[in-house]
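Per-entry structural report
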Protein chains: 2
Amino acid sequence: MKASLDRIDLKMLRLLQDNGRLTNAELAQSVAVSPATCHRRTQRLFDEGYISHVRAVVTPQKVDRGALVMVGVVLDRSTPESFAEFEKAVAKLKFILDCHLVAGDFDYFLKIRVGDMADFNRIHGDQLIALPGVRQTRTFFVMKEVVDNAPLDF
Amino acid sequence: MKASLDRIDLKMLRLLQDNGRLTNAELAQSVAVSPATCHRRTQRLFDEGYISHVRAVVTPQKVDRGALVMVGVVLDRSTPESFAEFEKAVAKLKFILDCHLVAGDFDYFLKIRVGDMADFNRIHGDQLIALPGVRQTRTFFVMKEVVDNAPLDF
DNA sequence: TCAATAACGGAAGAATCTTCCATGAAGGCA
DNA sequence: TGCCTTCATGGAAGATTCTTCCGTTATTGA
């Protein structure tokens with residue numbers, strides 16, 4: 001699965017992860033191949049799914065999404081139907097950045113971005129506890145973002 | 001802070017968040033301004049920090065980082081020095097994608113990517129519980145990634 | 001050793017970037 | 001109102017880059 005990536009591919013992935021705006025010419029020079037070869041390799045990294053997409057990272061504070069909250073969720077029943085219904089509803093809530101089914105004291109962990117605490121409290125009452133099958137939630141307000149969405153180390 | 005973004009800027013931000021590889025010409029056409037104006041506006045979005053960076057999103061499974069784990073951490077002491085020391089050490093561990101100081105039953109929440117469970121168990125024993133000031137950790141293995149790092153909704 | 005396959009770099013037309021400049025709109029002030 | 005300053009816009013053009021074709025080189029396997 002990943003044996004098809006040589007040193008050059010890996011270096012390209014790391015460089016593009018750090019700076020997705022690198023031009024093909026710059027990238028080619030950085031990994032010491034011709035622009036033509038670099039172009040071909042980059043195309044392959046996209047075509048074969050090594051790079052799923054390229055995203056401009058918007059600064060949350062600049063668009064009034066400066067508050068981060070982690071929420072643990074416990075459902076009423078642990079049936080596949082209950083899980084499916086919950087997940088389907090979660091996908092529609094755009095303020096939920098992460099939603100993961102976990103093993104442990106919670107069923108799901110959510111990572112949520114909103115404008116401020118007041119925003120969250122309203123959303124919590126209106127939309128979170130209203131999600132299908134939710135028995136209880138536990139909220140962890142983030143007081144300091146030490147590391148957020150660090151690049152993948154590989 | 002954000003009042004200086006008009007409709008066009010917001011649309012550009014959303015388009016670039018969805019596809020950071022959009023050419024200036026394409027972006028210009030999508031928001032119905034000239035390439036020159038679009039170029040200037042894009043530059044401003046970067047210069048003034050609305051876009052912090054552009055990242056190629058690497059598929060974790062393709063580079064042997066298919067296992068996701070959430071970890072709650074409790075420190076021995078809740079002193080500023082203890083927090084600072086912990087955070088400094090965390091920043092050096094590249095497999096930690098998120099590290100957030102939270103209010104609640106834990107001091108910190110970590111989001112970690114590794115190859116598999118065996119990988120995590122080794123890392124947990126070697127590096128996590130060895131972090132300065134750690135009293136206890138609670139591990140939540142992610143069994144299903146429902147939503148991971150969704151784009152910001154604004 | 002030799003053939004077959006795959007990957008490479010050079011080259012060139014097409015497209016894009018980037019900047020300069022002139023034009024037109026918006027806001028402040030007498 | 002009339003004028004001036006300030007600012008954002010689009011056209012234009014040289015420089016750069018992209019993208020693909022093609023001949024050559026390296027690697028693999030019999």
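Residues numbered from 1 in each chain as written. Chains lettered and ligands numbered in written order. Predicted model: local features only at pLDDT ≥ 70, side-chain atom pairs only at ≥ 80, totals over all residues. Heavy atoms only, no water.

Some words on the overall build of chain A
Counting its regular elements, chain A contains five helices and five strands. For chain A, the N- to C-terminal ordering of α and β elements is α-α-α-β-β-α-β-β-α-β. The globule rule puts the C-alpha radius of gyration for 154 residues at 15 Å, and the 20 Å found for chain A is more than 25% above it. Along the three orthogonal principal directions, the C-alpha set of chain A runs to about 60 × 35 × 25 Å. Taking all 154 residues of chain A together, the buried fraction comes to 45%. Look at the contacts in chain A between residues 6 or more apart in sequence, and 64% of them connect residues 24 or more apart. Measuring between centres, the 21 positive side-chain charges of chain A sit 4 Å from its 20 negative side-chain charges. (Helix = DSSP H or I, 4+ residues; strand = E, 2+ residues; numbered from the N terminus. Rg over C-alpha atoms; globule rule 2.2 N^0.38 Å. Buried < 20%, exposed > 50% of the residue type's maximum accessible area, 1.4 Å probe, protein only. Contact = heavy atoms within 4.5 Å. Lys, Arg positive; Asp, Glu negative; His and termini not counted. Charge placed at Lys NZ, Arg CZ, Asp CG, Glu CD.)

As for the interface of chain A and chain B
Put simply, an interface is often sized by how much accessible area is lost when its parts join up. Taken together, the contact between chain A and chain B spans 67 residues of the former and 67 residues of the latter. Carbon and sulfur atoms make up 59% of the area that chain A and chain B hide from each other, which totals about 6,300 Å². Contact with chain B buries surface across chain A, with Arg-55, Lys-62 and Leu-152 of chain A losing the most and accounting together for 11% of the total. For the pair chain A and chain B, the number of links is six salt bridges. (Buried area = accessible area lost by both parts, 1.4 Å probe. Salt bridge = Lys/Arg side-chain N within 4 Å of Asp/Glu carboxyl O.)

Looking at the protein's contact with DNA strand D
Around DNA strand D, the neighbouring residues are Thr-23, Asn-24, Ala-25, Ala-36 and His-39 of chain A together with Val-33, Ser-34, Ala-36, Thr-37, Arg-40 and Arg-41 of chain B. The sugar and phosphate moieties of DNA strand D supply 66% of its atoms located within 4 Å of the protein. Asn-24 of chain A has a polar backbone atom sitting 2.6 Å from a phosphate oxygen of DNA strand D. One of the backbone nitrogen or oxygen atoms of Ser-34 of chain B is found 3.0 Å away from a phosphate oxygen of DNA strand D. Elements with a minimum of two residues in the surface near DNA strand D: helix 2 (24–31) and helix 3 (35–47) of chain A together with helix 3 (35–47) of chain B. No other element matches helix 3 of chain B, which puts four residues into the surface near DNA strand D. (Near = heavy atom within 4 Å. Polar contact = N/O pair within 3.5 Å; in protein donor to acceptor, adjacent residues only side chain to side chain.)

Here we look at helix 5 (residues 117–128) of chain B
All names here are of chain B. Relative to the 16 Å expected for 12 residues at 1.5 Å per residue, helix 5 spans just 14 Å between its end C-alpha atoms, considerably shorter than the ideal helical length. On its buried face, helix 5 is in contact with strand 2 (67–75), strand 3 (96–103), strand 4 (108–114) and strand 5 (134–147). A distance of 3.2 Å separates the backbone nitrogen of Ala-118 from a side-chain oxygen at the start of helix 5, and that oxygen is part of Asp-116. (Expected span 1.5 Å × (residues − 1).)

Remarks on unusual backbone geometry
Residues and elements named next belong to chain B. You will see that Ala-32, though not glycine, has its phi angle at about 60 degrees, which is positive. Phi is positive for Asn-149, close to 55 degrees, though the residue is something other than glycine. For Asn-149, the position within the fold is in the segment after strand 5. Residue class for Asn-149 comes out partly exposed when judged on its relative accessible area of 24%.

Focus on the packing of helix 1 (residues 7–18) of chain B against helix 2 (residues 24–31) of chain B
Residues and elements named next belong to chain B. For the pair helix 1 and helix 2, the least separation of the axes is 10 Å and the interaxial angle reads 130 degrees. One finds that helix 1 runs oblique with respect to helix 2. Helix 2 is crossed by helix 1, and the crossing has right-handed handedness. When helix 1 is examined against helix 2, the residues Ile-8, Lys-11, Met-12, Leu-15 and Leu-16 are found in contact with a partner set consisting of Leu-27, Ser-30 and Val-31. For the contact of helix 1 with helix 2, the class distribution of residues is six nonpolar, one polar and one charged. (Axes fitted to C-alpha atoms, helices over the stretch in contact; angles between N-to-C directions. Parallel < 35°, antiparallel > 145°, perpendicular 65-115°, else oblique. Left-handed = near helix turned anticlockwise from the far one by under 90°. Nonpolar A, V, L, I, M, F, W, Y, C, P; charged D, E, K, R; others polar.)

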